[in-house]
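Analysis of the macromolecular model
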Amino acid sequence: MPGFRLPVSFLRCFAAMSAALLAASLGGCTGSPDPPEQPTASATAFAELENFGRTMIDDGAPAVLMQVRNKGEEWSRAIGVRSLETREPVQPSDPVEVASVTKSMVAVTVLKLVEEGRLGLDDAVSEHLPDLGRVVHPPFPVTVRDLLSHSSGMPDYAAKLIASRPLKEVINTRLSLTQRLAWAGRTTWEKRLAQGFEYSESDYVALALLVERLRGQPIGDVISEQITGPLGMSGTFMIGARTPPSGIAHGYLVIEDQRVDVTSPAVLTGSPSGGLVSTVQDLNTFYSALMQGKLLSPATLKEMQTPNTAGFYGLGLWIWNDTCTNGFAYGHPGDLLGYGTVSMTSADGTRQVTVALTYPPAPFILGDNPLVLEMMDVAEHTLNSMC
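Presented here is a report on the structure given in the accompanying data block. Predicted, not measured: the structure shown is a model, and the values here were computed from it. (Residues numbered from 1 in each chain as written. Predicted model: local features only at pLDDT ≥ 70, side-chain atom pairs only at ≥ 80, totals over all residues. Heavy atoms only, no water.)

Turning next to the overall build of the protein. The number of helices and strands found in the protein is 13 helices and 11 strands. Looking at the protein as a whole, 52% of its 387 residues qualify as buried. Nonlocal contacts in the protein, meaning residues at least 24 apart in sequence, comprise 71% of its contacts between residues at least 6 apart. Per element, the accessible surface of the protein, about 17000 Å² overall, is 54% carbon and sulfur. (Helix = DSSP H or I, 4+ residues; strand = E, 2+ residues; numbered from the N terminus. Buried < 20%, exposed > 50% of the residue type's maximum accessible area, 1.4 Å probe, protein only. Contact = heavy atoms within 4.5 Å. Areas by Shrake-Rupley, 256 points an atom, 1.4 Å probe, with all protein chains shown as cover.)

Here it is as structure tokens:
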């Protein structure tokens, strides 16, 4: 992961300030002045995030939104514009598309079914979705846990879909859950002696189908009833569930040498693998509530936090090192179609960092955008500076 480095201009400014302070302390014969007040851990973290945001804007990002919570203290910042057309200033409460952060909320809806005894983590998915095998052709029994931890080996439908036609056409294509999995079924699901971590958007599409089958409701409605409604997350909703608010931060791609606004694309309508719109405040609210036992029982949360063989992913949760506690932090990154998001929280839910970015307009990248890796690095560094 890229490291976080302060720019040369900042270091020069710091050096000049240090020299001035030194000269003042040596000039005259009066007693030594009181030592300067030391910045708090939170103030240092805020300054580093502010610097990161400014750097992203200088590099062409339309907007950066950030919120930090540290033991009751909050800091929010929004830099840039909502859209490159209107140039209206972005606000800290503006919604953004959060891509794969969606998966954590889908995982909670699955685990609530486990708590109710309607589903087992080690149940074969075919017990509850008997038609799944005819669509994606699994070479071995796949469990609910396999899907949640990205250990199923199921082919990624998104890769096949994006390669199938011009990108503009893909973006404007609306798909049902079954249609998404049908694209996965066009790639042979290979049998392996030891199936490790293999991130696949298809896993969470199958999980959403499972939830919808057992709840009798669309996955977006289940998330609203079980998570966003009870927690007061009014800025969080599934793409397609409502008209995008005027304050939404717009995302862009460069397609065929033209800048294209890709806000609320049809292809993400109702997508359980990346279709949520949210705010940095709402994401911090969600992960804090999750860690503090407001959504799942302690035993279920522990299952969710247990890493798979890769060591950095649990059941719908990304796992980072928390050097403040010599333990772990939890959350999820998101990276898709012009947007990047990282939301991270300490295990007790009291230290949190969420950063959302509308990427500098550029051609689409199939795979991780390097900027989301840098965002993870900055967020982890920030969280670990707030001990």
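Turning our attention to the pattern of salt bridges. Any two side chains of opposite charge can pair, on the condition that their charged atoms come close. Counted by the stated rule, this structure contains 13 salt bridges. The salt bridge partner of Asp94 is Arg82, with a shortest N-O separation of 2.7 Å. Remark: Arg82 occurs in the loop between strand E2 (73-80) and strand E3 (96-99) and Asp94 occurs in the loop between E2 and E3; sequence separation between them is 12 residues. What makes Asp94 buried here is its relative accessible area of 4%. For Arg82, a relative accessible area of 14% gives the class buried. (Salt bridge = Lys/Arg side-chain N within 4 Å of Asp/Glu carboxyl O.)

With respect to the helices and strands, Val222 occurs in helix H10 (residues 219-228). In this structure the C-alpha to C-alpha distance between Val222 and Met105, which are 117 residues apart in sequence, comes to 9.8 Å. In this structure, Val222 is in contact with Thr109, Val211, Arg215, Gln217 and Ile227, ignoring residues within four places of it in sequence.

Read across the sheet, 6 strands follow the order E2-E1-E11-E10-E9-E8 without closing on themselves; strand pairing throughout is antiparallel. At either margin of the open sheet sits one strand with a lone partner, and together these are E2 and strand E8 (318-322). For this sheet, the mean angle separating the axes of adjacent strands, direction not counted, is 15 degrees. Direction of pairing for strand E9 (residues 327-336) relative to strand E10 (residues 339-346): antiparallel, over a ladder of 8 bridges. When the sheet's bridge partners are listed, Gly334 is paired in E10 with Thr341. Each of strand E1 (63-70), E8, E9, E10 and strand E11 (351-358) touches helix H13 (residues 370-384); the most contacted strand, E10, lies at about 25 degrees to it. (Pairing = 2+ DSSP bridges. Axes fitted to C-alpha atoms, helices over the stretch in contact; angles between N-to-C directions.)

All right, on to unusual backbone geometry then. With a phi close to 55 degrees, Glu256 is a non-glycine residue in the positive phi region. Mapped onto the elements of the fold, Glu256 is located in the loop between strand E5 (252-255) and strand E6 (258-261). Taking relative accessible area as the criterion, Glu256 reaches 61% and is therefore assigned exposed. Notably, Leu337 is not glycine yet its phi reads approximately 45 degrees, a positive angle.

Look at helix H11 (residues 280-291): 17 Å from first C-alpha to last across 12 residues, which is about the 16 Å you get at 1.5 Å a residue. Counted residue by residue, H11 has 11 buried out of 12 residues, so it is predominantly covered. Of all the positions in H11, only Val280, Gln281, Asp282, Leu283, Asn284, Phe286, Tyr287, Ser288, Ala289, Leu290 and Met291 are classed as buried. After H11 finishes, the residue Gly293 shows a positive phi value of roughly 75 degrees. (Expected span 1.5 Å × (residues − 1).)

Here we take up H10. Of the residues making up H10, those classed as buried are Ile219, Val222, Ile223, Gln226, Ile227 and Thr228. Projected onto a plane normal to the axis of H10, the buried residues spread over an arc of 150 degrees and lie on a single side. Among the structural elements, helix H3 (102-115), helix H9 (201-215), strand E4 (237-238) and H11 are those in contact with the buried residues of H10. (Arc of directions from axis to C-beta.)

Here we come to the packing of aromatic side chains. The geometry of an aromatic ring pair is captured by two quantities: the separation of the ring centres and the angle between the planes. Under the definition given, this model contains 10 aromatic pairs. Taking 5.2 Å as the distance between ring centres and 40 degrees as the angle between the ring planes, the aromatic pair formed by Phe312 and Trp318 counts as tilted. By the ring-pair criterion, three or more aromatic residues cluster together here, those being Phe197, Tyr199, Phe312, Tyr313 and Trp318. Arg186 extends its terminal NZ or CZ atom over the ring of Trp183, reaching a point 3.9 Å from the ring centre. Its end group placed over the ring of Tyr252, Arg259 keeps NZ or CZ at 5.4 Å from the ring centre. (Phe/Tyr/Trp six-rings, centres within 6.5 Å; stacked < 30°, edge-to-face > 60°. Lys NZ or Arg CZ within 6 Å of the ring centre and 35° of its normal.)

So, about the layout of surface pockets. Put simply, the largest pocket is a space of about 870 Å³. Taken together, 44 residues form the lining of the largest pocket, with Glu201, Asp335, Leu336, Gly367 and Asp368 sitting closest to its centre. Of all the secondary structure elements, the ones that give two or more residues to the lining of the largest pocket are helix H6 (157-162), helix H7 (167-171), E5, E9 and H13. At 5 residues, the largest contribution of residues to the lining of the largest pocket is made by H6. Of the residues contributing to the lining of the largest pocket, the split by class is 31 nonpolar, 8 polar and 5 charged. (1 Å grid on protein atoms, 1.4 Å probe; cavity = no way out; pocket = protein on both sides within 12 Å on 5 of 7 lines; lining within 4 Å. Points joined across faces, edges and corners; volume = space filled by probe spheres on them. Nonpolar A, V, L, I, M, F, W, Y, C, P; charged D, E, K, R; others polar.)

What follows covers the pairing of E8. Burial within E8 is extensive, with 4 of its 5 residues counted as buried. Pairing of E8 with E9 involves 5 bridges; the strand directions are antiparallel. Opposite Trp320, over in E9, you have Ala329 as the bridge partner. Where E8 hands over to E9, the hairpin turn is made up of 4 residues, of which Asn326 adopts a positive phi near 60 degrees.

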